[in-house]
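Read off the chains here:
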Amino acid sequence: MKNIYFLFYTLLLVACKGIADNELNEALIAAKENKKELLKVLEHYQNDSLKLKAAVFLIKNMTYKGSVYYPERKKIHQIKKEAIVQGFLDETSLKEAEENIQNFSFQKDIEYITANYLIKNIDLAFEVWNKRTWAKKYSFNEFCEYVLPYRISQEPIEDWRESYYKRYAFLLDSVYKGDDVVEAVNVVCKYLKQEGFLYTHIPQTSPEAPLFLLNNRIGKCADICNLSIYILRALGLPVSYDFYKISPETANNHSWNVVIDTQTKQGVSFFFNDELWAERNIKKTDGRKACKIYRLTYSERKPDEVLSVLRLPSNCINVSSEYFGTSIKIKNAKWVQKAPIYLGCIIHGQFVPIDIPTYAKDSLIFKNIEDNNIYLLASFKDKFSCISTPFLFKNNQIKYFEKTGSVSNEKITRKYPLFEWNKNRLLRVVNATIEGSNSAYFATSERLMLIDTPSVAYNKKDFHSKNAYRFVKFKASADVPLELAELHFFSAEKELIPKKILSGASFYDVPEMDIKNCFDNDPLTYFLSRANGDAITFDFGEKENITSVVYVPRNDDNFIRLGDEYELYYFSPEKKEWESLGKQKATTSSLRYIIPEGVLLFLKNHTRGVEEQIFFMKDHKQIFLSDLK
């Protein structure tokens, strides 16, 4: 009975302050036995109306928030600490880490959070906020969303704010004393870049604990974002992170930080680990197609059709208008009649919804959509059914992928775009040399080959020397390390097995970079040397007539792989679905297909792998989605 009267008294108190609402009452009911802790917070601030409003804001939006716990977190931490020492997370440690996150539980804040924790968080947030000259340029709601929150996503609850403030306060108390939030962010983030952060991805892990991140700089993109948020909020800067749910290029999500600008009240992007510094009025992302972009907030929002379809968190807002100024308008009355209609992209050949339209007479309007991307429309009844052919949306114009009536004979070499990092790995074999000698020290030798720029990963080249050699050396160009996935020498069609192999040290002394990876017939394993211009020398034990070499630069295994079975599809404008152009077993490093001109394509490897991306042919070249700039 006493608790009932206390609850009534507290709610009456809050109502008198003019901030009572049903959401607060529902949150207190959801707290169950922990309700008394939340009521202590409200009572504590009965004489401070602003802090009381802040407490109400936190509590009424707390219902669905919580922490993911797994019992072996300490083991994960030890694995990460060891990775920091060696510079990367090896496969053995990665497998061990994944085994330790199978069993987890979710602990709701509303049922476990303490009054002392919330009170301390609120007091410290107000204390630092009141110190900052820029605070007067923001609304109370902006403070509540981007400075006040005690948590970011589903990390363990820890008393982080004071520790972070003590570590980094000097940056804004003495290094930079101005009132420009963009400049303040850059001062902090450039310092963080000097401290360093080891990027590594352990699948399925929840966001890292705040105090572990404070002292151990290792994690994934979300951890980098969270570290920045802990520090900057502790220093009184209104920050969060923006994200896209899924990119049609990589089928992955990504996030980066934003500071709310005093001038535009929009987010200014930054991400210290990539040296992506905050720059006012310039929108920056990671460069991959995003379609739509959202911002994480603290407050919960009512169910939204788009958020529900995309399985987005209820505490986020659509900020695509800050990034994309273009909208798609499609006039077609028959499509309007098929409502609900979705705009989507294509991932692994499947329709993925990204937006719903507003309707204007006979038109569909999709607002704030990323330009230079490929989309299509679908209706929904039990499942998504495509109702349009895919179209390229570029320079605010729509171009459908329709048949021209002609066909062409095309060479297909990849099922996935060659991203810049893999292109650079491929280029590390350029200007490498292959020499033959009968001297172990190559006192005299013959150059058998100077390697040119490869167009594919699997390269088989013939030698035309009339001489027999006991030793053969593959030597990288002097300005790059030796990086190879495979290296094999032949006499006619017989592979020559060396008696001895000599090479320099690997970049790291771990199995992932061992020299034996060059001879295991697996194009995804590789050798990476520590020194530039390094060499691999084969000793065959006796003179051999070496007639050819197979070399495979380090790559992503998305070139055509000999022996694998492939199937090419095109999107049929008539059927509004993918239609096969036939299966082929690869006998060379490319496939040949007769293709209807003007259509959209994607290639599937039925033997292995999951990375695929839509493309079209232009001037006999594959143009992937990622190539649209």
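Structure: see above.
Residues numbered from 1 in each chain as written. Predicted model: local features only at pLDDT ≥ 70, side-chain atom pairs only at ≥ 80, totals over all residues. Heavy atoms only, no water.

K.L.:
Lay out the sheet that holds strand β10 (residues 328–331) with the relevant residues and their values.
P.N.:
Strand pairing in a sheet is mediated by backbone hydrogen bonds. Such pairs are either parallel or antiparallel. Read from one edge to the other, the open sheet built from three strands follows the order β10-β14-β13, with strand pairing classed as antiparallel. Both outer strands of the open sheet, β10 and β13 (358–360), are each paired with one neighbouring strand and no more. Strand-to-strand twist of the sheet, defined as the mean angle between neighbouring strand axes without regard to direction, takes the value 25°. Pairing geometry for β10 and strand β14 (residues 363–366), over four bridges, is antiparallel. Within β14, the residue paired with Lys 331 across the bridge is Ser 363. (Pairing = 2+ DSSP bridges. Helix = DSSP H or I, 4+ residues; strand = E, 2+ residues; numbered from the N terminus. Axes fitted to C-alpha atoms, helices over the stretch in contact; angles between N-to-C directions.)

K.L.:
Please give an account of the side chain of Gln 622 that cites residues and values.
P.N.:
With respect to the secondary-structure elements, Gln 622 resides in strand β35 (residues 621–624). Among the residues examined, Gln 622 registers a relative accessible area of 14% and is labelled buried. One polar contact links the side chain of Gln 622 to the main-chain amide nitrogen of Thr 413, over a distance of 2.9 Å. For Gln 622, the side chain forms a polar contact with the main-chain oxygen of Arg 414, separated by 2.8 Å. Sequence-distant contacts of Gln 622, that is, excluding residues within four places in its chain, are made with Lys 411, Ile 412, Thr 413, Arg 414, Phe 615, Phe 616, Met 617 and Asp 627. (Buried < 20%, exposed > 50% of the residue type's maximum accessible area, 1.4 Å probe, protein only. Polar contact = N/O pair within 3.5 Å; in protein donor to acceptor, adjacent residues only side chain to side chain. Contact = heavy atoms within 4.5 Å.)

K.L.:
So what's going on with the packing of helix α4 (residues 49–60) against helix α8 (residues 115–131)? Residues and values would help.
P.N.:
Closest axis-to-axis distance for the α4/α8 pair is 11 Å, and the angle between their directions is 125°. The orientation of α4 with respect to α8, classified from their angle, is oblique. Relative to α8, α4 is oriented so that their crossing is right-handed. Across the interface between the two elements, Leu 50, Lys 51, Ala 54, Ala 55, Leu 58 and Ile 59 of α4 pack against Leu 118, Asn 121, Ile 122, Asp 123 and Phe 126 of α8. Here the residues of the contact of α4 with α8 sort into eight nonpolar, one polar and two charged. (Parallel < 35°, antiparallel > 145°, perpendicular 65-115°, else oblique. Left-handed = near helix turned anticlockwise from the far one by under 90°. Nonpolar A, V, L, I, M, F, W, Y, C, P; charged D, E, K, R; others polar.)

K.L.:
Describe the layout of surface pockets, with residues and values.
P.N.:
What the largest pocket holds in volume is close to 1,700 Å³. Along the walls of the largest pocket sit 46 residues, with Trp 421, Arg 425, Leu 524, Arg 554 and Glu 611 positioned nearest its centre. Broken down by secondary-structure element, the contributors of at least two residues to the lining of the largest pocket are α6 (91–99), β3 (198–199), β11 (341–347) and α16 (420–427). The biggest single contributor to the lining of the largest pocket is α16, with three residues. Taken together, the residues of the lining of the largest pocket sort by class into 19 nonpolar, 14 polar and 13 charged. Taken as a whole, the second largest pocket holds about 1,200 Å³ of empty space. Lining the second largest pocket are 40 residues, and of these Pro 207, Lys 220, Ala 222, Tyr 241 and Asn 253 lie nearest its centre. Looking at the lining of the second largest pocket residue by residue, the class counts come to 18 nonpolar, 15 polar and seven charged. (1 Å grid on protein atoms, 1.4 Å probe; cavity = no way out; pocket = protein on both sides within 12 Å on 5 of 7 lines; lining within 4 Å. Points joined across faces, edges and corners; volume = space filled by probe spheres on them.)

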